[in-house]
Amino acid sequence: MTQPDDSAPIIRVRGLRTQFGSHVVHDGLDLDVYRGEILGVVGGSGTGKSVLLRAITGLERPAAGRIEAFGTEVLTASPDDRDRLDDRWGVMFQDGALFSSLTVRENVEVPLRRIPDLTPELRRALADLKISLVGLPYRAGDAYPSELSGGMRKRAGLARALALDPEVVFLDEPTAGLDPIGASAFDQLINTLSEALGLTVFLVTHDLDTLYATCDRIAVLAEKRVLVTGTLPEMLEVDHPWVQEYFTGPRARLARDAVRPDTKTEAD
Amino acid sequence: MTTSMPTSGLQIEHEESGAAPVISLSGALTVHALASLQAGLKEVPQTSVIDLSKVTRIDTAGAWALADLERRAAASGGRLRYRGASEAAELLLDTVRRAMPVAEPAPGTATGLRALFEATGKRVVGGYDFLRGLVAFLGMFLAGLFRVVIHPREFRFTSLVAHCDDVGLRAVPIVSLMAFLIGVVLAFQGATQLRQFGAEVFVVDLIAISVLRELGILLTAIIVAGRTASAFCAAIGSMKMRQEIDAMRTLGLDPVTVLFVPRILALLLMLPILGLIADIMGLFGGALMSWIELGISPSMFRTRLVADIDISNVIVGLVKAPVFAVIIGVVGCHAGMQVKGDAESLGRMTSSAVVTAIFAVIVADALFSIFFAEVGM
Ligand SMILES: Nc1ncnc2c1ncn2[C@@H]1O[C@H](COP(=O)(O)OP(=O)(O)O)[C@@H](O)[C@H]1O
Ligand SMILES: [Mg+2]
């Protein structure tokens, strides 16, 4: 897998502050995302992982701070710049957020409609390819989201996020609610895609197995900011009660022991 | 031969050299250039070498075009080879090649006359099933009502009161206004016609009989059907959509007693009251207009009303109210239970609940008319 480039980060968050009414979610949050890496974002429930993802993608307006993606200021971008940014990233929401009135194939075709001279046949063929790439059977393309299981909906959401071959995908808890086999297949899928497409992945997760199996770097969200970032071995050295508990607790040890030798954490 | 696509920077060059023709691609093989790439690759011979050394960027769409070409070549016995592909491009091609979807034919659909028969048959069976479902739902409601009567402790009176407020009290302004205007219209239209015969005073009979027997309760029921059938359907349907009703069942709560009985019972209690209010407001509007238009004083209106109009007219009108209430409530709740997992079916069922409820109320009213005519009331 590609190691993080030493060059400038493609996404740079500085001094981010988000709040809902008087409830401050982030305060003075800094984060960098480098090209080609799989960045795992972890933190307790309600620490604002989803809100951070929404802020970076411009869906939530922060109270203060700067967010820069591909050299564009997300918060002050003109509509044209926003369009260009939207072409360069894809988002998979926590429960898929598929359009319920469209079939899975039509869902994946929605972003493809933005390409001007793509014929309906090509669009359909590309959608079918994306559906197959994320490991869904051909038949699933004709199904409506309400007819799919939770895991299949997540895969369909990923297919839609990948439709335009974005440079960055944001995944919000992609393996939550999946059975262990389904979850580890998803981990492998993310690894393959990141390798084959040179994809940068911003991965919000609770799943220690996913962290061990896929992530190059980890950012820990706590105390309203990014507490530490680093590789998994570095996390084990961090002297903070939550981080210690999270990465050295009984479940973490199990996950670490379960890592297959062909994954990137073999240096661990 | 060189084909150049200025917008995407994609170039396709054919050259005949040695054993197999070489197709040299350069520029970005991305989704933006897919249409031109696909067109340019149409004429490629089945056995050729594809040179990718000048490709600047390739994404899954570009890889798909190549994999598709391979598949077509293989189908006609040819073979493609690549030259100068980067490691990432090889990996991508490999991934895409493995994921190339194999189309499965959709199940055959009937056409022509057969499709017409099939669709008609489905509709008839669907209509029959719908009616059966409604009747079953009515039975379920009655059984639930019976259970509540036996075990009144299970019943939630706060919920009943809240629904009465929603269904009854909040509908009073719109129902009153509607009935008042109907009275005004009847008096006005009656006056113009009856004046020709010098029979102005019969306007009282006209207003009283039409409002009390028919219009008061029918129009009230139609307004309530529009307001309440949709509200019931949306409330129950969205609970169904989020599996709240399944959760209720597993927690030992019976949706019939918790959701349906309070709602339909509230309608059953409130619709007669709303009908009575509509009757009073209709007469009031009619009396006011008669006074202004025809000079029939309120006291005269009252005297004629008491002398000419039998109380049976009021009874004939209001006796329909409970039936209309059950129709509206059952149709609304039943439609809510038909909602599937998606938001679209919620919208579809809500509008269908309103249409069905209004239609059923009018049909029931027609049946009542025939019945009362037969028994001579
Ligand atoms: N739209 C909203 N309005 C008010 N509070 C919100 C909203 N969205 C999120 N929050 C609050 O922000 C905090 C972080 O939420 P979230 O990012 O969803 O947590 P998680 O890290 O589990 O994804 C939570 O305390 C939540 O209550
Ligand atoms: Mg979340």
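Residues numbered from 1 in each chain as written. Chains lettered and ligands numbered in written order. Predicted model: local features only at pLDDT ≥ 70, side-chain atom pairs only at ≥ 80, totals over all residues. Heavy atoms only, no water.

Colleague: So what's going on with the pairing of strand β10 (residues 225–230) of chain A? Residues and values would help.
Modeller: All names here are of chain A. Taken together, the 5 bridges between strand β9 (residues 217–222) and β10 define a ladder with antiparallel strand orientation. Across the sheet, residue A222 finds its bridge partner in β10, namely R225. Between β9 and β10, which follow one another and run antiparallel, lie 2 residues, and E223 among them has a positive phi close to 50°. (Pairing = 2+ DSSP bridges. Helix = DSSP H or I, 4+ residues; strand = E, 2+ residues; numbered from the N terminus.)

Colleague: I'd love a proper account of the domain arrangement of chain B, names of residues and values included.
Modeller: What the domain assignment lists for chain B is domain 1 (2–99) and domain 2 (128–375). Taking the mean C-alpha position of each, domain 1 of chain B and domain 2 of chain B sit 70 Å from one another. (Domains from an automatic or database assignment.)

Colleague: Got a sec to walk through the interface of chain B and chain A? Specific residues and values, please.
Modeller: With 28 residues of chain B at the contact, the number on the chain A side is 23 residues. Taken together, chain B and chain A are joined by 0 salt bridges. Our enumeration of links across chain B and chain A arrives at 3 residue pairs in polar contact (both at pLDDT 80 or more). In terms of residue count, helix α3 (residues 87–99) of chain B provides more of the side of chain B that touches chain A than any other element does, 6 residues in total. Partitioned by chemical class, the residues of the side of chain B that touches chain A number 18 nonpolar, 5 polar and 5 charged. (Contact = heavy atoms within 4.5 Å. Salt bridge = Lys/Arg side-chain N within 4 Å of Asp/Glu carboxyl O. Polar contact = N/O pair within 3.5 Å; in protein donor to acceptor, adjacent residues only side chain to side chain. Nonpolar A, V, L, I, M, F, W, Y, C, P; charged D, E, K, R; others polar.)

Colleague: Got a sec to walk through a nonpolar patch on the surface? Specific residues and values, please.
Modeller: Residue and element names in this part refer to chain B. Residues F359, V363, L367 and I370 make up a contiguous nonpolar surface patch of roughly 410 Å² in combined accessible area. Along the chain, I370 turns up in helix α13 (residues 343–375). For I370, a relative accessible area of 52% translates into the label exposed. (Patch = residues over 30% accessible without salt bridge, like charges linked within 9 Å, V, L, I, M, F, W, Y side chains within 5 Å. Areas by Shrake-Rupley, 256 points an atom, 1.4 Å probe, with all protein chains shown as cover. Buried < 20%, exposed > 50% of the residue type's maximum accessible area, 1.4 Å probe, protein only.)

Colleague: Account for the side chain of B:S290, naming residues and giving values.
Modeller: All names here are of chain B. Turning to its location among the elements, S290 is positioned in helix α9 (residues 255–294). We classify S290 as buried; its relative accessible area is 1%. Ignoring anything within four residues of it in the chain, the contact list for S290 reads A187, V203, I207, G295, I296 and F301.

Colleague: For unusual backbone geometry, give the residues involved together with the corresponding values.
Modeller: In this structure, A:F70 is a non-glycine residue whose phi angle is positive, near 50°. Its location among the elements puts A:F70 in the loop between β4 (64–69) and β5 (72–73).

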